[in-house]
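A look at the structure
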Amino acid sequence: MGLPDFHVLLPRFYVALVLTIPLLVLSMGEMIAPAFFQELFARLSITPRTNAWLQFALATPVFFWSGKYFIRRWWYSIRERDTNMFTLTVTGTGAAWLYSTVALLLGDYFPESIRGPHGLPLYFESTAVITTLVLFGQIIEQQAHSRTDAAIRALMALAPSVARRVNPDGTEQDVPIEDIHPGDILRVRPGERIPVDGEITSGESPVNEAMLTGEAIPVDKHTGDSVSAGTLNTTGTFTLRSTRVGGETLLAHIIRLVEEAQESEPPIARLADRVSAIFVPIVLGISALTFVLWLACGPSPSFVHALLNAVAVLIIACPCALGLATPVAIVTGIGRGAQAGVLVKSAAALERLSSARTLLIDKTGTLTTGRPTLTALAPDPGCELSENELLAFAAAAEAHSEHPLALAVLAAARARGLGIPPAENFAAMPGLGVAATVSGKQIQITRAERHKERDTDTLAALSIDGRHAATLAFTDTLKPTTPAAIAELQAAGLRIVIASGDRPAAVRAVAEQLHLPPIDIHAGATPASKQQLVRDHQAHGETVIFAGDGLNDAPALAAADIGIAMGAGTDAAMASAGIVLVKSDLLAISKAIRLSRATLRTIKQNLFWAFFYNALGIPLAAGLFYPLFGWTLNPMYAGVAMSVSSLTVVLNALRLRRLKLS
């Protein structure tokens, strides 16, 4: 039984905060600055009795309204016998509120021995402060779940809402996508996204399938080829016969994969819950034993003394700092990560990252730059022009094209400082290449057949006046920091597995440069197979990181224990991931792992301090020292223990701000 969305919890937190601050002033003011607050209360005619009723009025809505969902979780844990953090906090805060309310109404029946200088000890402030702090922590965790909707919206935005249908009489009309049926003939124009899955019936065009494969270079599509909804038509036009529409398209399938992965995400095994599962039964047992022993052996009135001391055990055992232990460390860790270019969207991802031992990683845009680079220009043996002259002609012809290979040619020419002559009569030939007139010569750049010796490259042929002049080779190169990052991650104990939609030869070439074994290479991967690969590793008990940048990575990012997206990636990838790397630098993954391990270590330390001070007070609350020294629980101790443990937790968490991640 979970908690509602953080949008529901946020107003309850604000109300709790507004009511808890004056409550702390009323309850603790005279302890912190006695002279000042005694004079202030006297001027405002606030008597001890009035003070007590004001505390009751402020604490009651905090406990019952702001803490409504905690009480529901508490009841569920009691009913199902599944103790957790809420069992401990609500039992303690509820005991504090109930005892304080009874003391307020029936104080005259309480023994004089437990009265202090301000009357009977009340614990309304403990109820309110603990509820407010735990609510704050839950809001931080619930915010992570809101990323699901963003991921789905980014995916759905790829599907056009309107398609252009070709009627039987040859006329064309734009119709809503809902009115398209299998067998309909549709026209797709340059720059449009394909509305449904289908088969090309006439025409041809390069289609950008990056949403499926992650590869930036468009794929030439001809009559008879299949195309998928959401992919982008680039320069040509064609008609297609729709084969799958609506919820049956490949894009719809990818959306379902993301939804299922988000819904099947296991709940965080909260460390506080695990500690509470042990702590709660022990405290309840001590409280019950305290009641029995005081009832049997305590001074008169034994029942009242037994009840008060049993309740005191429950109150002192509920650590105020428990609500701070995790959220303060998480917030500080998230802030430190942001300074280092690691944006943590999910506290759960930050927690899980510390124990991850397997990194599944996309190739294009993650290990590599994600865009082709001109790596070789081989002049034809019979060509008399120099390499720079050939490159200048090629750049001039490509100057008006937006194709990724054209941009690579222009970048190479500029890098060499070449002058690019003007081009005339430019023409893009869909699926073939470009043609232009440069300095009176007819220049053509077309796709070239792959060679065995350059099986990992994309090749283009440069022709001048109808004669082959040179072959251009393009490669998606590794990012400069990739080799060092992979070595660092392996040193941190991670197994690196490549999952790419690219050709096997291209993936093998990258793996060889990074010295990765063939068993850890998966080429030609689809969005579904990437997600399945994640689940296969998880089935072997591995905590899996998936790092990627494309729409085709979104299902795997959502299914992984920790999804890490590149900052330059698609909106869908970033929405599905729990961590985003601002600079798309893999070295930042090492930083994220160090941050995660340091944050989890800090949380464990915080939980120790959250329980330590309060656990020391349990023997005192139970009356263990009463036979020897006449000591029982002093209300001042509860205030001191709460303040010291909370301060220790906050100061310990703030050390993360100085954490070295490099």
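Please read these numbers as outputs of a predicted model, since none were measured by experiment. Residue indices follow the written sequence of each chain, beginning from 1 at its first position. The model is predicted, so local features are restricted to residues of pLDDT at least 70 and side-chain atom pairs to those at 80 or more, both for listing and for counting; the totals for chains, interfaces and linings are taken over all residues. Only heavy atoms go into the side-chain values, all of them from the structure, while hydrogens and water stay out.

Moving on: the UniProt feature "transmembrane region" (unreviewed entry) in the protein chain. Per the UniProt record, "transmembrane region" (unreviewed entry) is annotated on residues 12–32, 52–71, 83–100, 120–140, 275–296, 302–326, 607–629 and 635–654. Each helix is a run of DSSP H or I of at least 4 residues and each strand a run of E of at least 2, with the numbering of both proceeding from the N terminus. Secondary structure over residues 12–32 splits into 100% helix and 0% strand, and the C-alpha atoms at its two ends are 28 Å apart. Here residues 52–71 runs as 95% helix and 0% strand, with 24 Å between its end C-alpha atoms. UniProt positions are given in the numbering used here, feature names are shortened, and annotations may be inferred rather than shown by experiment.

Grouping buried Ala, Val, Leu, Ile, Met, Phe, Trp, Tyr and Cys residues that are joined through side-chain atoms within 4.5 Å yields what is termed a nonpolar core. The buried label applies to any residue whose accessible area, calculated with a 1.4 Å probe on protein chains only, is under 20% of its type's maximum; exposed applies above 50%, and partly exposed to all values in between. Grouped together as the largest cluster of nonpolar side chains are 93 residues, with contacts concentrated most on Leu359, Leu367, Ile564 and Ile589. Residue ranges labeled as domains rest on an automatic or database domain assignment. Counting residues domain by domain, this core receives three or more from each of domain 1 (1–147) and domain 3 (341–367 + 479–593). If sequence neighbours within four positions are ignored, Ile564 has contacts with Ile545, Phe546, Ala547, Gly548, Leu557, Ala577, Ile579, Leu581 and Ile589. Within the second largest apolar cluster, 29 residues are counted, among which are Ala397, Leu410, Leu418 and Ala469. The contact criterion used is simple: two residues touch if any of their non-hydrogen atoms lie within 4.5 Å.

It is worth spelling out helix α19 (residues 527–539) at this point. A helix is expected to reach a length of 1.5 Å times the quantity of its residues less one. An ideal rise of 1.5 Å per residue puts 18 Å on 13 residues; α19 measures up with 19 Å between its terminal C-alpha atoms. Where α19 is concerned, the buried positions are Pro527, Lys530, Gln531, Leu533, Val534 and His537. Projected down its long axis, α19 shows its buried positions confined to an angular sector of 150°, all on one face. Immediately beyond the C-terminal end of α19, within one or two residues, lies Gly541, with a positive phi of roughly 85°. The arc in question is the one spanned by the directions pointing from the helix axis to the C-beta atoms.

Okay, the packing of helix α1 (residues 6–32) against helix α2 (residues 34–43) next. Contact pair α1 / α2: the axes reach a minimum separation of 6 Å and the direction vectors enclose 135°. With respect to each other, α1 and α2 are oriented oblique. Along its contact with α1, which presents Val25, Leu26, Gly29, Glu30, Met31 and Ile32, the element α2 presents Pro34, Phe37, Gln38 and Phe41. Axis angles are defined between N-to-C directions and span 0 to 180 degrees, where every axis is a line fitted to C-alpha atoms and, for a helix, only to the segment in contact. Angle categories are assigned with fixed cut-offs, so that under 35 degrees is roughly parallel, over 145 is roughly antiparallel, 65 to 115 is roughly perpendicular, and the rest are oblique.

In this section: the sheet that holds strand β5 (residues 205–208). One bridge is not enough; two strands pair if DSSP finds at least two bridges between them. Ordered in space as β6-β5-β8, the 3 strands form an open sheet in which the pairing is antiparallel. Each having just a single partner strand, β6 (219–221) and β8 (232–233) make up the two edges of the open sheet. Pairing geometry for β5 and β6, over 3 bridges, is antiparallel. Across the sheet, Val207 pairs through a bridge with Val219, a residue of β6.

Turning next to the sheet that holds strand β16 (residues 458–464). Ordered in space as β12-β17-β16-β15-β14-β13, the 6 strands form an open sheet in which the pairing is antiparallel. Either end of the sheet is taken by a strand with one partner, and the two such strands are β12 (373–379) and β13 (423–429). For this sheet, the mean inter-axis angle between neighbouring strands, taken without regard to orientation, is 20°. Two strands pair when backbone bridges link them, and β16 and strand β17 (residues 467–475) are joined in this way by 7 bridges, in the antiparallel orientation. Bridging from a neighbouring strand, Leu462 pairs with Ala470 of β17. Lying on the sheet, helix α16 (residues 404–415) is in contact with β12, β15 (441–447), β16 and β17; it crosses β17 at an angle near 95°.

Let us now look at the pairing of strand β14 (residues 433–438). Here β14 lies mainly inside the structure; 5 of its 6 residues are buried. As paired elements, β13 and β14 share 5 bridges and run antiparallel to each other. For Met429, the partnering residue across the bridge sits in β14 and is Gly433. Two successive antiparallel strands, β14 and β15, enclose a turn made up of 2 residues, where Ser439 displays a positive phi of approximately 55°.

The next thing to look at is unusual backbone geometry. Positive phi is not limited to glycine here, since Asn425 has a value of about 55°. Even without a glycine there, the phi angle at Ser439 is positive, about 55°.

Take the packing of aromatic side chains next. Two rings from Phe, Tyr or Trp (for Trp, the six-membered ring) form a pair when their centres sit within 6.5 Å of each other. Planes less than 30 degrees apart are called stacked, planes more than 60 degrees apart edge-to-face, and all others tilted. One pass over the structure, following the stated rule, counts 10 aromatic pairs. Centroid distance Phe56 to Phe124: 6.0 Å. Interplanar angle 70°. Geometry classified as edge-to-face. With Phe56 in helix α3 (residues 48–66) and Phe124 in helix α6 (residues 124–145), this pair connects stretches of sequence that are 68 residues apart. Relative accessible area serves as the criterion here: at 0%, Phe124 is assigned to the buried category. Between the aromatic rings of Phe64 and Trp97, the centroid separation amounts to 4.9 Å while the plane-to-plane angle is 85°, which identifies the pairing as edge-to-face. Within this pair, whereas Phe64 is found in helix α3, its partner Trp97 is found in helix α5 (residues 85–106), the two being separated by 33 residues in sequence. For Phe64, a relative accessible area of 40% translates into the label partly exposed. Taking relative accessible area as the criterion, Trp97 reaches 14% and is therefore assigned buried. Through successive ring pairs, a cluster of aromatic residues spans Trp53, Phe56, Phe63, Phe64, Trp97 and Phe124.

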